[in-house]
Amino acid sequence: MDPLLALRPWEAPEVTSRGRLPMHAIDRRPGAVRLDGEWRFQLLPAPDAPLSGTWSTVHVPGAWTLQDTGDLPQYTNVRMPFPQFPPQAPAADPTGVHEREVDIPAEWAGRRIVLQVGAAESVLLVHVDGRPVGASKDSHLAAEFDLSDLVRAGSRSLLRLTVVKWSDASHIEDQDHWWHGGITRSVLLYATDPLHLADVTVRARQDGALRVDCRVRHAGGALPAGWYVSGELDGLPLVQDTEFDRANAADERVSDFLGEARLTATVPEVRTWNAETPELYGLTVRLHRADGTVADTSRHRVGFRDVTIVGRDLLVNGERVYIRGINRHDFHPLTGRTVSAEDMRADLVLLKRFGFNAIRTSHYPNDPALYDLADELGFYVVDEADIESHDHAHEIADDPRYLNAFVDRVSRMVLRDVNHPSVIVWSLGNESDYGANHDAAAGWVRRYDPTRPLQYEGAAKTGWADPSVASDIACPMYAPLEDCVAHALSGQQTKPLIQCEYSHAMGNSNGTLADHWAAIESTPGLQGGFIWEFWDHGILQRVSDGRPAGRAGAGRYANGVAGPGHRWAYGGDFGEAVHDGAFVADGLVFPDRTPKPAMYEHRELAAPVRIECYRHEGIVLGNHQHFRGLDWLAGEWELALADGRTLTAPAELPDLRPGQTAAVPLPFRLPPDGGEAWLTLRVRTARDEPWAPRGTELCAPQLRLRAPVTTAPAPAADRPVDVDAEGLLVHPLLTAAPVLSLWRAPTDNDEIGGMAVRWRAWGLDALVRKLVSVDRAEGRVRVLAEYAGTAGVIRHRQEFSAVEGGLRIDEQAELPAEFDDVARVGSVFETVPGLDLLEWFGQGPWESYPDRSAGAPVGHHVLPVDELFTPYLRPQESGGRHGVRRFTLSAPDATGLAVELDEPRQVSVTRFRAADLTAAAHHDELVPRPGCVVHLDAAHRGLGTASCGPDTSPAHRIAPGVHRWSWTLRLL
Ligand code: IPT
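Residues numbered from 1 in each chain as written. Predicted model: local features only at pLDDT ≥ 70, side-chain atom pairs only at ≥ 80, totals over all residues. Heavy atoms only, no water.

## Some remarks on the sheet that holds strand β23 (residues 307–310)
Point 1. With antiparallel pairing, 3 strands are arranged side by side in an open sheet as β23-β24-β25. Whereas interior strands pair on both sides, the edge strands pair on one side only; in this sheet they are β23 and β25 (319–320).
Point 2. Pairing analysis gives 4 bridges linking β23 to strand β24 (residues 313–316), with the strands arranged antiparallel. By the bridge assignment for β24, I309 is matched with L314. (Pairing = 2+ DSSP bridges. Helix = DSSP H or I, 4+ residues; strand = E, 2+ residues; numbered from the N terminus.)

## What to know about the UniProt feature "domain: Beta galactosidase small chain/" (unreviewed entry) in the protein chain
Point 1. In the numbering used here, UniProt assigns the "domain: Beta galactosidase small chain/" (unreviewed entry) feature to residues 713–970.
Point 2. The span residues 713–970 is 7% helical and 44% strand by assignment, and the distance between its end C-alpha atoms comes to 11 Å. (UniProt positions renumbered as here; feature names shortened; annotations may be inferred.)

## With respect to the pairing of strand β7 (residues 95–103)
Point 1. Examined bridge by bridge, strand β3 (residues 37–44) and β7 share 5 bridges and lie antiparallel to one another. Paired with R40 across the strands is E99, a residue of β7.
Point 2. Sheet topology places β7 next to strand β12 (residues 156–164); 9 bridges connect them, and they run antiparallel. Of the residues in β12, the one forming a bridge with E99 is R160.

## With respect to the environment of W64
Point 1. Tracing the chain through its elements places W64 in the loop between β5 (62–63) and β6 (74–76).
Point 2. Residues W64 and P194, 130 residues apart in the sequence, show an inter-C-alpha distance of 36 Å.

## Some remarks on helix α4 (residues 368–377)
Point 1. Of all the 10 residues making up α4, 8 are buried; the element is thus mostly covered by neighbouring parts of the structure.
Point 2. Burial in α4 covers these residues: A369, L370, Y371, D372, L373, A374, D375 and L377.
Point 3. At its buried positions, α4 is contacted by β22 (294–302), α3 (341–353), β28 (380–384), α6 (403–417) and β29 (423–427).
Point 4. With a side-chain oxygen lying 2.9 Å from the backbone nitrogen of A369, the N-terminal cap of α4 falls on D367. (Buried < 20%, exposed > 50% of the residue type's maximum accessible area, 1.4 Å probe, protein only. Contact = heavy atoms within 4.5 Å. Polar contact = N/O pair within 3.5 Å; in protein donor to acceptor, adjacent residues only side chain to side chain.)

## As for unusual backbone geometry
Point 1. In this structure, P87 follows P86 across a cis peptide bond, with omega equal to 10°.
Point 2. One non-glycine residue, E431, lies in the positive phi region at around 45°.
Point 3. Residue placement: E431 occurs in the loop between β29 and α7 (436–448).

## Side note on the environment of V803
Point 1. Assignment of secondary structure puts V803 in strand β48 (residues 793–803).
Point 2. Distance in space between the C-alpha atoms of V803 and G779 is 8.4 Å, their sequence separation being 24 residues.
Point 3. Those residues in contact with V803 that lie beyond four places of it in its chain are P713, A714, P715, A716, R719, R808 and R970.

Pasting the structure below:
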């Protein structure tokens, strides 16, 4: 029997690998042969099942679950997809056998030949020409095997990579995302001299001190005498530390098969690395034979920086930086966890443009290219090990059978990523309770890398000040803001408080983000957090046969929407019996990376330049960065006036160091008419940045210069008001008269947070209107109606009065005490087709809600109606605009209607009734109506984040009692 199969490594947690080379810092190996492309493939029903003899092909790298192999993706959050207890795997265990021939270059004769498999889920078995090579687990880190004795330079070999989908390791890879199977990162072969650099570890400090530790080995034998290393950093030579050599020689650790050497340098006037100015230097390390010839070369990019914790502050280069973080998975809607470097660059570029400066690699080491990009573009990274035992967390945390796996996974991550300046904190994993296995892994990290803090959310067993060895940072998830503030004020805080997850971005969400940042920026001890999460993990799916579109789906989506015949699949859409639905779609960007409106909220809250206030001496501007001046930014002033005008003027940004403020003169003379006036500073890049071309807008801080004045429209009592026998307004441009609306299509927060259940129980989704009275007089009609729900009756009064050029509508709704927290109180009406353009004075241009409106400045905005709607994967309340004072809806010939509101209100104009959205499970099921559905809300409930975490604040809930609102309706 095959010795690798005989091991049954899929149900042996103690076996983390066989024949695998030790992990080392990633290194670019010139001359490597990539084995990516089409491989022969068979899917077996179990790892020990015989080969069938029929081969298909799959693309490597690529999950087979996305490549028409019959095995499909499955989404579960906490629960395991199979019932077996750890460490068991189910008997039905899809196993993919991948095979191809490889030609070993003739010039590799006499060299050490290494196979690298970038990632395989979840157990990898390697054979060459039918001979067993080794095995590996740890699905998101590379496995390397020495093939020198198994292949011959200049000849062809048969490489077989067998990947077992379910294993003991699945129980510690129980992250909240899709389950796949396959080889998801590149496979390559490279060769080195037998005498080679086995690892190079770089320590580069803020003061310019550089230390490079080299580990030298000779394949299959003793080290030859006289070897030495040399190095240079952008032309500056490094010196070999002879003290280190002597210490080493005197040490019992000296060995004939492991060479250790240290190179050092001190860089004068070093340009330090931080996320704002990510300065990198190029390091080359050479290993020489005694005769001076070079046996091996290794290149690294080096960033000089220090990370420390002082008191309860996390410091980068001595500076208490705010962590404006996001949780990021490796994700692509066509290829799952296989992502290209270009795609990752696009992710990071987008994050930079929206003010993010930190990434938690939830919940496993991400693709190696991500860290190179983070070094280069400037992100603080919390690097997280691939450990999540969520469903069996308590049992596994102390289970000695899993001890090896914990230490293996954490140490391999650290060994791989230790040279990246972007990595500022290590994380032991996610949602795995807390046990001895964690402390074992923590101990390894503390010894190997004392230069970085360590975090683990689960270690806070006795509270956020828990002295546990496993976490230097209090990093809770979804903690109520009040609790965070209370902890910071308690006098008991011992660690920086940086939430590892907060502001759950599922569907239409991220309400109260501004409250978080107001607290963080005003409370010592609070330093930020990581929003959950970047991606909506919708997989592009063909509607016709329900299969994943895979690579053939390229280009079949745009602007967040799946194209014709396609949809974004979430849990259950592949026929999974066990799944967790749309919970996998909880990101700030759609599956094609189109930003959701909540991204703009974050962008504004992260603004590098802010308007602090307006004093008699002028507008006070502040630099809210940590390291940079304002010279890389350019500004433009905008003045939005109630009369419809927007004036602009160039802005001279003052020369401010971080944290400084200065007053600049008010750039406009306000017109004397007394109307509402808003001053906006549009801040853009003044030159090309690596992540933004010159002119990219980064924020638009705003200040109200003058409050609105309301003028009552002149009555025109001689005009008729047309209200029918049912008390419904008759109007040439309306197909449905304004009626009371208390229902919104529940957001994911409304559904999962339990609000929608109550609303349905109250009957708010199917209120029955009953006319009580119509009272007609000259130039006005009063209508009283009752709306009956199961929990009570809401009285609604409308008074329609003729005014100059149109109608004034005064409304009042009386909510009995039973309806103590409804979605909205307002009017809804529908228009004739053809009114396809919305122009409004209010917040915009993107979607905004009462508790998510900090990023939508007040101004004059114009958008086609079809672009107002946000296509959340599971249809829900969408497309709202906050603080709308007035709007017009017009046809191309400029006819249409104009609405003026008594005060800034929540308004939405879409093609969908709330009932249409409520009934649909996917965006592609929605059929747009030809006219517009218009909601004017006297009150609209905040969005909150209750799908996972706190609900909106009390201030953004709707109280029972009397609500009044007025508006005028005119023809254009
Ligand atoms: C938390 C998880 O860490 C994350 O992976 C994701 O599932 C998130 O919640 C919700 O989307 S765990 C949760 C039980 C708080």
